[in-house]
Amino acid sequence: MFKNEPNFKEKNNIPHLIKEIVNEFLNLTLKHISLIKFDIKHDIRVAISHILLGLLCIFMGFCGLIFLGFFFILMLTKALPLWLATLLVALLYFVISIILLAFAMNKINIEKF
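Because the structure is a prediction, the values reported are computed rather than measured.

Here is what the cut-offs are and how they apply
- Sequence order as written defines the numbering, with residues in each chain counted from 1.
- Totals for whole chains, interfaces and linings use all residues, but because this is a predicted model, local features are given only for residues with pLDDT of at least 70 and pairs of side-chain atoms are given and counted only at 80 or more.
- Computation of side-chain values: all heavy atoms of the structure, hydrogens and water removed.
- Secondary structure is summarised from DSSP: a helix means a run of H or I of at least four residues, a strand means a run of E of at least two, and numbering begins at the N terminus for each.
- Here the term buried applies to any residue with accessible area under 20% of the maximum for its type, exposed to any over 50%, and partly exposed to those in between, with areas from a 1.4 Å probe on protein chains only.
- Accessible areas in this description were obtained via Shrake-Rupley with a 1.4 Å probe; residue shielding takes into account the shown protein chains only.
- What a helix should span is 1.5 Å times the count of its residues minus one.
- Any pair of nitrogen or oxygen atoms within 3.5 Å is treated as a polar contact; in protein, a donor-acceptor pairing is required on top of that, and neighbouring residues in sequence qualify only through side-chain atoms on both sides.
- Note on aromatic pairs: the rings of Phe, Tyr and Trp (six-membered ring only in Trp) are paired at centre separations within 6.5 Å, and the planes decide the class, stacked below 30 degrees, edge-to-face beyond 60, tilted for the rest.
- Each residue carries a pLDDT score, the predictor's confidence in it, ranging from 0 to 100.
- Should any heavy atoms of two residues lie within 4.5 Å, those residues are counted as being in contact.

Colleague: Help me understand the overall build of the protein chain, please; the structure alone is not making it clear to me.
Modeller: Broken down by element type, the protein chain carries three helices and zero strands. Counting over 113 residues, the protein chain shows a buried share of 4%. Of the accessible surface of the protein chain, which amounts to about 10400 Å², a share of 77% is contributed by carbon and sulfur atoms.

Colleague: Explanation requested: helix α2 (residues 14–76) in the structure shown.
Modeller: Two residues of an α-helix separated by three or four positions point the same way, owing to the 3.6 residues in each turn. In this model, α2 (63 residues) spans 91 Å end to end at C-alpha, consistent with the 93 Å of a helix rising 1.5 Å per residue. Between a side-chain oxygen at the N-terminus of α2 and the backbone nitrogen of H16 the separation is 3.2 Å; the capping residue is N13.

Colleague: Could you clarify how one ought to interpret the packing of aromatic side chains in this entry?
Modeller: The relative placement of two aromatic rings is captured by the distance of their centres and the angle of their planes. In total, this model carries one aromatic pair according to the counting rule given. A centroid spacing of 6.1 Å and a plane angle of 45 degrees characterise the contact between F71 and F72, whose relative ring orientation is tilted. By relative accessible area, F72 is classed as partly exposed at 29%.

Colleague: Help me out: how do you make sense of the confidence of the model for the protein chain in this one?
Modeller: Atom-level detail of predicted coordinates should not be read off regions where pLDDT is low. Taken residue by residue, the protein chain gives an average pLDDT of 86. The fraction at 70 or more is 88%. The element-level mean pLDDT for the protein chain is lowest in helix α1 (residues 8–12), coming to 61, with α2 highest at 92.

Colleague: Hey, could you run me through the environment of G69 in this one?
Modeller: Summarising the element assignment, G69 is placed in helix α2. Look at G69 and you get buried, because its relative accessible area is 5%. With 17 residues separating them along the chain, G69 and T86 place their C-alpha atoms 8.5 Å apart. Those residues in contact with G69, other than ones at most four positions away along the chain, are V89 and Y93.

So, in structure tokens, the structure goes:
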């Protein structure tokens, strides 16, 4: 910037400098907002992918439990009648679910206080 430049006075007067500062501030603010939007979208995508993966794992776990139950029933039918083997496996699943429920309730009560 030389003093004989035609816009020297226009570029260095206070209203023009304030206008430039406000424009730069608004520009930075808009860039920050767009960055925050991108970050939120990214976090939502990651959360959705983790939720879907968790649901898939739960589904696969239930499928595994069903096949494990069939396996136990088939193994028990070698020594017991089919109805008794099915009843024993059902009772086993019921006892396991009661134990897990008691454990979860105990964990909730511990974290509550």
